[in-house]
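Coordinates in review
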Amino acid sequence: SQTIHQWPATLVQPVGSPLSLECTVEGTSNPNLYWYRQAAGRGLQLLFYSVGIGQISSEVPQNLSASRPQDRQFILSSKKLLLSDSGFYLCAWSRRVGSNQPQHFGDGTRLSIL
Amino acid sequence: AQSVTQPDIHITVSEGASLELRCNYSYGATPYLFWYVQSPGQGLQLLLKYFSGDTLVQGIKGFEAEFKRSQSSFNLRKPSVHWSDAAEYFCAGIYSSASKIIFGSGTRLSIRP
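This part takes up the overall build of chain A. Counting its regular elements, chain A contains zero helices and eleven strands. By the compact-globule yardstick of 13 Å for 114 residues, chain A fits well, its C-alpha radius of gyration being 14 Å. Per-residue burial over chain A gives 46% buried out of 114 residues. Per element, the accessible surface of chain A, about 5,500 Å² overall, is 51% carbon and sulfur. The average position of the 9 basic charges and that of the 6 acidic charges among the side chains of chain A differ by 5 Å.

Structural data, given as structure tokens:
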């Protein structure tokens, strides 16, 4: 069966510090990968998605970047965090075959910026 | 524009009562439809999905959803809710022309003892 792991589960960072959140998927190959942010009491905002190694599409211009160094690894980064980067970050994967594939989510990372 | 709408931001029901959460998709081509549940501090878990065929879809945890083309709706139901069902519920759709999943804004479900 497929599993998705995100870490860390929680993170407290000062403003201006760098960020690296990691997501890995097991039990499948060539997945589509996604990063979402969920602000408190709000819905999901798609940040980045990737259909393959080194292929990243950005949905919202912002202070964040994403990379996919390996097929099942997706990293969310920032060089300098802003207060507005606080939120709940979710990684997700879906099968690449077909256009009707649901997304499967990790447990998320709670990021607090001080 | 393609959209998925959840009209209810917050719903409270009594434990043991029936539940219906509303979801509407924008008129036009029928998307593939999903319901997810998110417990506090957790990721989203897929409850059920509808692609085509039988309009009543069974999911996990005793949930079901009914697709109604005439109403552009895909409402989630449960005959008798349990306190553990308190969570945020998201409806979502994939339009083949967009190939991206579109999430509703979510409905928070509270359970009254």
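Having seen it, we continue.
Residues and elements named next belong to chain A. The strand order across the open sheet formed by four strands is β1-β3-β8-β7, and the pairing between neighbours is antiparallel. The open sheet has two edge strands, β1 (3-7) and β7 (65-70), and neither has a second partner. Geometrically, the sheet is characterised by an average inter-axis angle of 20 degrees between neighbouring strands, direction not taken into account. The pairing of β7 with strand β8 (residues 73-78) spans four bridges and is classified as antiparallel. Its bridge partner lying in β8, alanine 66 is registered against leucine 76.

Before going further, it helps to examine the pattern of salt bridges. Pairs can form between side chains of opposite charge once their charged atoms are near each other. Applying the stated criterion across every chain yields a total of six salt bridges over all chains. As a salt-bridge pair, aspartate 71 of chain A and arginine 68 of chain A come within 3.2 Å of each other at their nearest N and O atoms. Measuring nitrogen to oxygen at the nearest pair gives 2.9 Å for the salt bridge that ties aspartate 8 of chain B to arginine 22 of chain B. Pair noted here: aspartate 8 of chain B is in the loop between β1 (4-5) and β2 (10-14) and arginine 22 of chain B is in the loop between β3 (19-21) and β4 (24-25), with a separation of 14 residues, a long-range link. If you follow the salt bridges from partner to partner, you end up with Glu64, Glu66 and Arg77 of chain B in one network.

Let's shift gears to the interface of chain B and chain A. Across the contact, 17 residues belong to chain B and 18 residues belong to chain A. For the pair chain B and chain A, the summed buried area comes to about 1,400 Å², and 59% of that belongs to carbon and sulfur atoms. Sorting the residues of chain B by area buried against chain A places Leu44, Lys100 and Phe103 of chain B first, and these three jointly supply 28% of that buried surface. The tally of links between chain B and chain A comes to zero salt bridges. Across the chain B-chain A interface, the total number found is two residue pairs in polar contact (both at pLDDT 80 or more). Looking at the side of chain B that touches chain A, the elements that each hand over two or more residues are β5 (32-38), β6 (44-50), β10 (87-94) and β11 (101-103) of chain B. Broken down by element, the residue count for the side of chain B that touches chain A peaks at four residues, all from β5 of chain B. Looking at the side of chain B that touches chain A residue by residue, the classes come out as ten nonpolar, five polar and two charged.

This part covers the layout of surface pockets. Approximately 440 Å³ is the volume attributed to the largest pocket. Taken together, 22 residues form the lining of the largest pocket, with Gln38 and Gly41 of chain A together with Gln38, Glu88 and Arg108 of chain B sitting closest to its centre. It is β10 of chain B that contributes the most residues to the lining of the largest pocket, three residues altogether.

Glancing now at unusual backbone geometry. The amide bond that connects tryptophan 7 of chain A to the next residue, proline 8 of chain A, takes the cis arrangement and shows omega of 0 degrees. Here proline 8 of chain A is to be found in the loop between β1 and β2 (10-13). Although it is not a glycine, asparagine 30 of chain A adopts a positive phi angle of roughly 55 degrees. As for its placement among the helices and strands, asparagine 30 of chain A is situated in the loop between β3 (19-26) and β4 (32-38). Although it is not a glycine, lysine 61 of chain B adopts a positive phi angle of roughly 60 degrees. Structurally, the position occupied by lysine 61 of chain B is in the loop between β7 (56-58) and β8 (64-68). Looking at lysine 61 of chain B, the relative accessible area reads 46%, which means it is partly exposed.

What counts and how
- Throughout, residues of each chain are indexed from 1 in the direction in which the sequence is written.
- Here every chain gets a letter starting at A, and every ligand a number starting at 1, in the order they are written.
- Restriction of local features to residues with pLDDT of at least 70 applies here, the model being predicted, together with a cutoff of 80 or more for giving and counting side-chain atom pairs; totals for whole chains, interfaces and linings are based on all residues.
- To obtain the side-chain values, all non-hydrogen atoms of the structure were included, while hydrogens and water were left out.
- Every helix listed is a DSSP run of H or I at least four residues long, and every strand listed is a run of E at least two residues long, numbered separately from the N terminus.
- For the radius of gyration, the atom set is restricted to C-alpha positions; the globular benchmark scales as 2.2 Å times the number of residues to the power 0.38.
- Burial here depends on accessible area, computed with a 1.4 Å probe over protein chains only, as a share of the maximum for the residue type. Under 20% is buried, over 50% is exposed, and the range in between is partly exposed.
- Only the protein chains shown count as covering a residue, and every accessible area follows the Shrake-Rupley method with a 1.4 Å probe.
- When charges are tallied, Lys and Arg are placed among the positive residues and Asp and Glu among the negative ones, while His and the ends of the chain are skipped.
- Note on charges: their place is set at NZ of Lys, CZ of Arg, CG of Asp or CD of Glu.
- Any two strands with at least two DSSP-identified bridges between them are counted as paired.
- Think of each axis as a best-fit line through the C-alpha atoms, taken over the contacting stretch in the case of a helix, with angles from 0 to 180 degrees between the N-to-C directions.
- Salt-bridge detection follows one rule: a side-chain nitrogen of Lys or Arg within 4 Å of a carboxyl oxygen of Asp or Glu.
- Should any heavy atoms of two residues lie within 4.5 Å, those residues are counted as being in contact.
- Throughout, the accessible surface (probe 1.4 Å) given up by two parts as they are put together, summed over both, is called the buried area.
- Here a polar contact means two N or O atoms within 3.5 Å. Within protein one must be a hydrogen donor candidate and the other an acceptor candidate, and residues neighboring in sequence count only if both atoms are side-chain atoms.
- Three classes are used: nonpolar for Ala, Val, Leu, Ile, Met, Phe, Trp, Tyr, Cys and Pro, charged for Asp, Glu, Lys and Arg, and polar for all others, with Gly counted as polar.
- With a 1 Å grid laid over protein atoms only, a set of points is called a cavity when a 1.4 Å probe fits there but cannot get out and a pocket when it is open yet has protein on both sides within 12 Å along at least five of seven lines; lining residues have an atom within 4 Å of a point.
- Grid points are joined across faces, edges and corners, and a volume is the space filled by probe spheres set on the points.

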